[in-house]
Protein chains: 2
Amino acid sequence: MTLSEENYLKSIYSLQREHGKGVSTNVLSKYLDAKPASATEMIKKLDEKGLVRYQPYQGVLLNESGEISALKIIRKHRLWETFLAQKLDFSWDEIHDVAEQLEHIKSDKLIQQLDKFLGYPKYDPHGDPIPDEHGHVIKMEKKRVSQLQPGDTGTCIGVNDTSSSFLQFLDQQNIRLGSVIHIVNFQDFDKSMTVRIEDRELILSQIATENIYVRI
Amino acid sequence: MTLSEENYLKSIYSLQREHGKGVSTNVLSKYLDAKPASATEMIKKLDEKGLVRYQPYQGVLLNESGEISALKIIRKHRLWETFLAQKLDFSWDEIHDVAEQLEHIKSDKLIQQLDKFLGYPKYDPHGDPIPDEHGHVIKMEKKRVSQLQPGDTGTCIGVNDTSSSFLQFLDQQNIRLGSVIHIVNFQDFDKSMTVRIEDRELILSQIATENIYVRI
DNA sequence: AATAAAGTTTAGGCAAACCTAAAAAATATA
DNA sequence: TATATTTTTTAGGTTTGCCTAAACTTTATT
Ligand SMILES: [Mn+2]
Ligand SMILES: [Mn+2]
Ligand SMILES: [Mn+2]
Ligand SMILES: [Mn+2]
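Keep in mind that what you see is a predicted model, and the values were worked out from it rather than measured. (Residues numbered from 1 in each chain as written. Chains lettered and ligands numbered in written order. Predicted model: local features only at pLDDT ≥ 70, side-chain atom pairs only at ≥ 80, totals over all residues. Heavy atoms only, no water.)

**Student:** Give me the pattern of salt bridges: which residues, what numbers.
**Tutor:** Pairs may arise between side chains of opposite charge once their charged atoms sit close together. The final tally for this structure, using the stated rule, is 18 salt bridges over all chains. Linking Glu6 of chain A and Lys106 of chain A is a salt bridge whose minimum nitrogen-to-oxygen distance equals 3.2 Å. With Glu6 of chain A in helix α1 (residues 3-18) and Lys106 of chain A in the loop between α5 (95-102) and α6 (108-117), this residue pair connects regions lying 100 residues apart in the sequence. In this structure Lys106 of chain A comes out as partly exposed when scored by relative accessible area, which is 41%. Note that Lys45 of chain B and Glu5 of chain B form a salt bridge whose closest N and O atoms lie 3.0 Å from each other. Of the two residues, Lys45 of chain B is situated in helix α3 (residues 36-48) and Glu5 of chain B in helix α1 (residues 3-18); the sequence distance between them amounts to 40 residues. Looking at Lys45 of chain B, the relative accessible area reads 34%, which means it is partly exposed. (Salt bridge = Lys/Arg side-chain N within 4 Å of Asp/Glu carboxyl O. Helix = DSSP H or I, 4+ residues; strand = E, 2+ residues; numbered from the N terminus. Buried < 20%, exposed > 50% of the residue type's maximum accessible area, 1.4 Å probe, protein only.)

Listed below in structure tokens is the structure:
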């Protein structure tokens, strides 16, 4: 499989999860920073290879072998992210771009040994579950902070927005994986929330609370 | 720089070191497992980019910026080899192919942190010196075992032949980096040598003694 | 239902990195 | 030195992955 094919499969997997139905060439191409015509071409090729189901004008969906392939790449991506964060002291916002390259290295032994070296981690530094070698993923029912009520408490397990600026903001506010977030108050007029993290109270905007995932 | 350009620069660097003069398209293409016509094309492109000096029919030579670029890739290759051997328990003969891919990952921070994580190693698992971030390499006067006399003692610092079968042979014979090799005897009829390694005597063929490097 | 807008595909090109086959140059041999 | 052999370059193709512009299909609006 080529680098480009791998990136398409991974993208289709993510977008398929988000929305329900077939992923349109428009959405897919925007996600990959390419043109719709390019997406159409690639989708046709993946269909011929038996990795996706594609009906013209109806979008694309991974079939079983496509999903297994996608999960293998996601496994590699998340293991490398874990390596970069835990062993090389990369910060939350720096790991993604490098992992985007490393995920395409071809060596079964490499990824097996990396997994072992890291102590068989279950989650990556963004709180996303790492698929096992057969492509099995732990299903998590994660909630957004915005879905909690005053009085509730959640443990931060990830983010939705992975932009540098947001991740840097979280770093500054000392919000990291495992942080316990207690909801103190909810302001109706702007949907912001007052939360307590490690005995420190702060106000999070609606945008912020919608982009932080917690396990309750 | 593209992956292919990087591989060409690295190859030219190695071949230039071996022979003295300009590297011919024939030699270069054989080394890279490509056709001479492809080498000519690439060389012309590298010349236009100012990385090599190329005169038709006269072969190619790296100029200063080409050499710096080559050494940066070699630095990455050797750091990754060290990582694979030291941290992921790859054996001597397994590391090269994976490092051949990893050397092309683009991230200054990655290689800086990897270097730190490994404790700023000076040599790779084959005994070759790792260039520093400015492209400076330690010049080593290494000798082949075949150049030693009975009574001499050397410390194994690398190999010339990096084929799997040779490296596996060395593994079986417990010859590794740092092994102290004492020359017991030299057989004139077949140029083989009796050597002592860790209180064990064995006979090495001429082919073997010519492909093991030692520091005396 | 007819028309306008938006989304999707097709057609035709382009650059990178390969290739084969033919032409040209350098080198070896008679 | 003339000819044969080897090496190198050039010319023309192919594949992958991208693009733009035009044609077509679907969806939204009047
Ligand atoms: Mn990627
Ligand atoms: Mn992640
Ligand atoms: Mn390489
Ligand atoms: Mn090496």
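That was the structure; now back to the text.
**Student:** Before we move on, could you go through the packing of aromatic side chains and cite the residues and values that matter?
**Tutor:** A full pass over the atoms with the stated rule returns nine aromatic pairs over all chains. Aromatic side chains Phe117 of chain A and Phe83 of chain B sit 6.2 Å apart centroid to centroid with 85° between the ring planes, which places their arrangement in the edge-to-face category. With Phe117 of chain A in helix α6 and Phe83 of chain B in helix α4 (residues 64-86), this residue pair bridges two chains. Seen from their ring centres, Trp80 of chain B and Phe83 of chain B are 5.6 Å apart, and the 80° between their planes marks the pair as edge-to-face. Linking Trp80 of chain B with Phe83 of chain B, this pair stays in helix α4, spanning three residues, or about one helical turn. Trp80 of chain B sits in the buried class, given a relative accessible area of 1%. Joined through ring pairs, the aromatic side chains of Trp80, Phe83 and Phe117 of chain A together with Trp80, Phe83 and Phe117 of chain B make up one cluster. In this arrangement the basic side chain of Lys109 of chain A is found over the ring face of Phe90 of chain B, its NZ or CZ atom lying 5.2 Å from the centre. (Phe/Tyr/Trp six-rings, centres within 6.5 Å; stacked < 30°, edge-to-face > 60°. Lys NZ or Arg CZ within 6 Å of the ring centre and 35° of its normal.)

**Student:** Outline the side chain of Gln16 of chain A, listing residues and values.
**Tutor:** Residue and element names in this part refer to chain A. With respect to the helices and strands, the residue Gln16 is situated in helix α1. When its relative accessible area of 11% is taken as the criterion, Gln16 is described as buried. In terms of polar contacts, Gln16 uses its side chain to reach the backbone amide nitrogen of Leu62, at 2.9 Å. (Polar contact = N/O pair within 3.5 Å; in protein donor to acceptor, adjacent residues only side chain to side chain.)

**Student:** Break down the layout of surface pockets for me, citing the residues and quoting the values.
**Tutor:** Sizing a probe to match a water molecule and rolling it over the atoms shows the empty space that remains. Put simply, the largest pocket is a space of about 1700 Å³. Lining the largest pocket are 45 residues, with Lys10, Ser14, Tyr31, Arg78 and His96 of chain B sitting closest to its centre. The set of elements that each furnish at least two residues to the lining of the largest pocket consists of α1, α4 and α5 (95-102) of chain B. Counting residues per element, the lining of the largest pocket draws most heavily on α1 of chain B, which supplies eight residues. In terms of residue class, the lining of the largest pocket is made up of 16 nonpolar, 14 polar and 15 charged. Taken together, 33 residues form the lining of the second largest pocket, with Ser14, Glu18, Tyr31, Arg78 and Asp128 of chain A sitting closest to its centre. Per-element tally for the lining of the second largest pocket: the top contributor is α1 of chain A, with seven residues. Each residue belonging to the lining of the second largest pocket can be placed in one class, and the counts come to 11 nonpolar, eight polar and 14 charged. (1 Å grid on protein atoms, 1.4 Å probe; cavity = no way out; pocket = protein on both sides within 12 Å on 5 of 7 lines; lining within 4 Å. Points joined across faces, edges and corners; volume = space filled by probe spheres on them. Nonpolar A, V, L, I, M, F, W, Y, C, P; charged D, E, K, R; others polar.)

**Student:** I'd like a description of the protein's contact with DNA strand D, backed by residues and values.
**Tutor:** Around DNA strand D lies a shell of 21 residues, among which Thr2, Ser38 and Lys45 of chain A together with Asn26 and Tyr54 of chain B are the nearest. Sugar plus phosphate, as a fraction of atoms of DNA strand D within 4 Å of the protein: 80%. Contact between DNA strand D and Glu41 of chain A: a base nitrogen at 2.9 Å from a side-chain N or O atom of the residue. Put simply, the parts of the chain that give the surface near DNA strand D at least two residues each are α1 and α3 (36-48) of chain A together with α2 (25-31) and α3 of chain B. In terms of residue count, α3 of chain A provides more of the surface near DNA strand D than any other element does, five residues in total. Across the surface near DNA strand D, the residue classes break down as 10 nonpolar, seven polar and four charged. (Near = heavy atom within 4 Å.)

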